[in-house]
Amino acid sequence: MKEIAQKNTWQDSEKAKIKDITKSSLISWGVLTEENGNDKLEETQ
């Protein structure tokens with residue numbers, strides 16, 4: 001995801017602001033859920 005975002009960005013200053021995607025990012029976006037300490041991908045609609 002980071003690589004695609006960098007390719008779609010024109011300015012180097014903006015490319016430098018792009019952060020790595022972490023497990024906690026995916027959880028906060030609702031893409032990944034935690035259940036009993038296990039990670040689980042959840043279908044998005």
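The text that follows walks through the structure, step by step, so that each part is easy to find. (Residues numbered from 1 in each chain as written. Predicted model: local features only at pLDDT ≥ 70, side-chain atom pairs only at ≥ 80, totals over all residues. Heavy atoms only, no water.)

The subject of this paragraph is the overall build of the chain. Check the secondary structure of the chain and you find three helices and two strands. Ordered by position from N to C terminus, the α and β elements of the chain give α-α-α-β-β. Residue burial in the chain is summarised as follows: out of 45 residues, 11% are buried. As displayed, the chain has an accessible area near 4200 Å², and 48% of this comes from carbon and sulfur atoms. (Helix = DSSP H or I, 4+ residues; strand = E, 2+ residues; numbered from the N terminus. Buried < 20%, exposed > 50% of the residue type's maximum accessible area, 1.4 Å probe, protein only. Areas by Shrake-Rupley, 256 points an atom, 1.4 Å probe, with all protein chains shown as cover.)

Now for the pattern of salt bridges. Should their charged atoms come close, side chains of opposite charge can pair. Per the stated rule, a full pass over the model turns up three salt bridges. Measuring nitrogen to oxygen at the nearest pair gives 2.9 Å for the salt bridge that ties Lys-2 to Asp-20. Note that Lys-2 is positioned in helix 1 (residues 2-7) and Asp-20 in the loop between helix 2 (12-17) and helix 3 (23-29), a separation of 18 residues in sequence. The class for Lys-2 is partly exposed, based on a relative accessible area of 27%. What makes Asp-20 exposed here is its relative accessible area of 52%. (Salt bridge = Lys/Arg side-chain N within 4 Å of Asp/Glu carboxyl O.)

As a further point, take the environment of Leu-26. Here Leu-26 shows up in helix 3. Judged by relative accessible area, which is 22%, Leu-26 ranks as partly exposed.

The grouping of Met-1, Ile-21 and Trp-29 at the surface amounts to a nonpolar patch, some 350 Å² of accessible area in total. Relative to the helices and strands, Ile-21 is located in the loop between helix 2 and helix 3. On the basis of relative accessibility, which here comes to 35%, the residue Ile-21 falls in the partly exposed class. (Patch = residues over 30% accessible without salt bridge, like charges linked within 9 Å, V, L, I, M, F, W, Y side chains within 5 Å.)

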